[in-house]
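So the chains spell out like this:
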Amino acid sequence: MVFKYKGIEKFYTDQGKGSALVLLHGFLEDSSMWQELIPELTKKNRVITIDLLGHGKTGCLGYVHTMEDMAAAVYAILKHLKLRKYIFIGHSMGGYVALAFTRLYPESIKGLCLLNSTYEEDDNERKQLRARANKMVQSNYVNMVRMSFANLFSAESKLKHAKAFNLALEIALKTPIQGYMAANEGMRQREDTSVFFAEASFKKVVLLGKKDTILNVNDMLKFTNKHTIETHVFSEGHMSHIENKEEVTQQILHFIEKI
Ligand code: MLT
C-alpha cells in the first residue's frame, strides 16, 4: 500500500490480525526481505512491513536520511494505521532505525528485536569507509553495491543460498543512488545507543550471526551478557533471515509470545 508523506510515496504492507509487529529492513533491502517469514508471523500477529526512505518503492526525502528521519516516516505510517503500541524487528539498518524510533516515541514500544544489528555507533574506520563509499558510488554504482554485498552472507551460505543471494543483490541494485548515499550518510551520523538500549525497560532480544563481518559480534556478546540482554547467536553471517531462517523464525515467535 502507498502512503503520501511530505510529498513522496511511502510503501508498506499490512497483513494479519493480533498485536502489531513492525518489520524494518536493512540497507539496500526492502520490505520483501521478510516474505519467507510472513506466513508464520501473521498466524497470530498483525504484521506491518515498511520500505524505508530511499529504498524499495519509497521515495527519497533528501540527501541525508538520518535514522531519525527514517523513524519519523515510519511513525507517520503507524499513526495513519491508528496503531499505538507495537513490537519492532529491525534487520541491521532497520535496527538502527528502530532504536532511533524508540528514543523518539518511547511510549509506543512493547519490544525490540535487533536482528544482525547493533546499538553501537560506527567506529572511525567504518565512518571513513562510508564517506569513501559515498564518493565512489557516484561513478561506480554497480560495483560498489556488489562489493557492499560480497560479505553479507557467509562463504558457505553464498553457495547454499545462491538464489536468495542473487535476489537480494537484484533488489539492492534497484536502490537509487540517492537512497544509497542518504542512508549511508545517515548511518555514519548515527549516535551510540548502547546505554539507552541497556537501560530501556521494553522487552528486547538480540539475534546475531557468528560469521557476521559487519558487526563486532564478540564485543556485543560481552555487552549483552554484562547487561543480561537476551541474545542468540546463529551459525552463519549477517543475513540470518535467509541463512538461519528456521531458527530466526522460532526466536522471533518465542520473543513475541513472552510480551
Ligand atoms: C545493513 O545491512 O543494513 C548494513 O550493512 C548496516 C551497516 O552498514 O551498518
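Residues numbered from 1 in each chain as written. Predicted model: local features only at pLDDT ≥ 70, side-chain atom pairs only at ≥ 80, totals over all residues. Heavy atoms only, no water.

S.K.: How would you explain the site of the ligand if you had to name every residue and give the values?
M.R.: Around the ligand, a shell composed of Gly26, Phe27, Ser92, Met93, Tyr96, Arg126, Arg130, Met187 and His238 is seen. Taking Ser92, its side chain carries an N or O atom lying 2.9 Å from an oxygen atom of the ligand. In the complex, the protein chains occlude 95% of the 270 Å² of accessible area that the ligand would expose alone. Among the secondary structure elements, those contributing two or more residues to the shell around the ligand are α3 (93–104) and α4 (124–136). For the shell around the ligand, the residue count by class is four nonpolar, three polar and two charged. (Near = heavy atom within 4 Å. Polar contact = N/O pair within 3.5 Å; in protein donor to acceptor, adjacent residues only side chain to side chain. Areas by Shrake-Rupley, 256 points an atom, 1.4 Å probe, with all protein chains shown as cover. Helix = DSSP H or I, 4+ residues; strand = E, 2+ residues; numbered from the N terminus. Nonpolar A, V, L, I, M, F, W, Y, C, P; charged D, E, K, R; others polar.)

S.K.: Kindly report on the sheet that holds strand β2 (residues 8–15), identifying the contributing residues and their values.
M.R.: Here we have eight strands laid out as an open sheet, ordered β1-β2-β4-β3-β5-β6-β7-β8, and mixed in their pairing. One side of each edge strand has no neighbouring strand; the edge strands of this open sheet are β1 (2–5) and β8 (231–234). With direction set aside, neighbouring strand axes in the sheet form an average angle of 20 degrees. Judged from the five bridges that link them, strand β3 (residues 19–24) and strand β5 (residues 86–91) form a sheet pairing that is parallel. Note on β5: the bridge partner recorded for Val22 is Phe88. (Pairing = 2+ DSSP bridges. Axes fitted to C-alpha atoms, helices over the stretch in contact; angles between N-to-C directions.)

S.K.: Please set out the packing of helix α2 (residues 67–80) against α3 residue by residue, giving values where relevant.
M.R.: Where α2 contacts α3, the axes come no closer than 8 Å and their chain directions differ by 75 degrees. Our classification of the angle between α2 and α3 gives roughly perpendicular. Between α2, through Met67, Glu68, Met70, Ala71, Val74, Tyr75 and Leu78, and α3, the contact on the second element is made entirely by Met93, Tyr96, Val97, Ala100, Phe101, Arg103 and Leu104. For the contact of α2 with α3, the per-class residue count stands at twelve nonpolar, no polar and two charged. (Parallel < 35°, antiparallel > 145°, perpendicular 65-115°, else oblique. Contact = heavy atoms within 4.5 Å.)

S.K.: Would you mind going over the pattern of salt bridges in detail, with residue names and values included?
M.R.: Going through the model one piece at a time under the given rule, you end up with twelve salt bridges. In this structure, Arg130 and Asp122 form a salt bridge, with 2.6 Å as the shortest nitrogen-oxygen distance. Taken individually, Arg130 and Asp122 each receive the classification buried, so the pair is uniform in this respect. Where Lys211 meets Glu156, a salt bridge forms, and the shortest distance between an N and an O atom there is 3.3 Å. With Lys211 in the loop between β7 (203–209) and α10 (217–226) and Glu156 in helix α6 (residues 155–160), the pair connects residues that are 55 residues apart, well separated along the chain. (Salt bridge = Lys/Arg side-chain N within 4 Å of Asp/Glu carboxyl O. Buried < 20%, exposed > 50% of the residue type's maximum accessible area, 1.4 Å probe, protein only.)

S.K.: Give me α10: which residues, what numbers.
M.R.: Listed as buried for α10 are Val217, Met220, Phe223 and Thr224. The buried side chains of α10 occupy one side of the element, clustering within an arc of 125 degrees when seen end-on. Every exposed residue of α10 that faces more than 90 degrees away from the buried side is listed here: Asn218, Lys222, Asn225 and Lys226. Elements in contact with the buried residues of α10: α9 (194–199), β7 and β8. Directly beyond the C-terminal end of α10, a positive phi value near 40 degrees is found at Thr228. (Arc of directions from axis to C-beta.)

S.K.: If you had to explain the environment of Ala200 to someone new, which residues and values would you point to?
M.R.: Of note, Ala200 is situated in the loop between α9 and β7. Once the C-alpha coordinates of Ala200 and Leu173 are considered, the two residues, 27 residues apart in sequence, prove to be 36 Å apart.

S.K.: Pulling in residues and values, what's your account of the pairing of β3?
M.R.: Of all six residues in β3, five are buried, a share of seventy percent or more. Across six bridges, β3 lies against strand β4 (residues 45–50) in parallel orientation. Bridging across to β4, Ser19 finds its partner in Asn45.

S.K.: Just give me the short version of the packing of aromatic side chains, but keep the residues and values in it.
M.R.: Scanning all chains against the criterion turns up 13 aromatic pairs. With 4.8 Å between their ring centres and 35 degrees between their planes, Tyr119 and Phe223 make a pair best called tilted. Taken together, the residues span a long stretch of sequence, with Tyr119 in the loop between β6 (109–115) and α4 and Phe223 in helix α10 at a distance of 104 residues. With relative accessibility at 1%, the residue Tyr119 sits in the buried group. Grouped by ring-pair contacts, the aromatic residues Tyr75, Tyr86, Phe88, Phe101 and Tyr105 constitute a single cluster. Above the ring of Phe202, the side-chain terminus of Lys204 is found at 5.9 Å from the ring centroid. (Phe/Tyr/Trp six-rings, centres within 6.5 Å; stacked < 30°, edge-to-face > 60°. Lys NZ or Arg CZ within 6 Å of the ring centre and 35° of its normal.)

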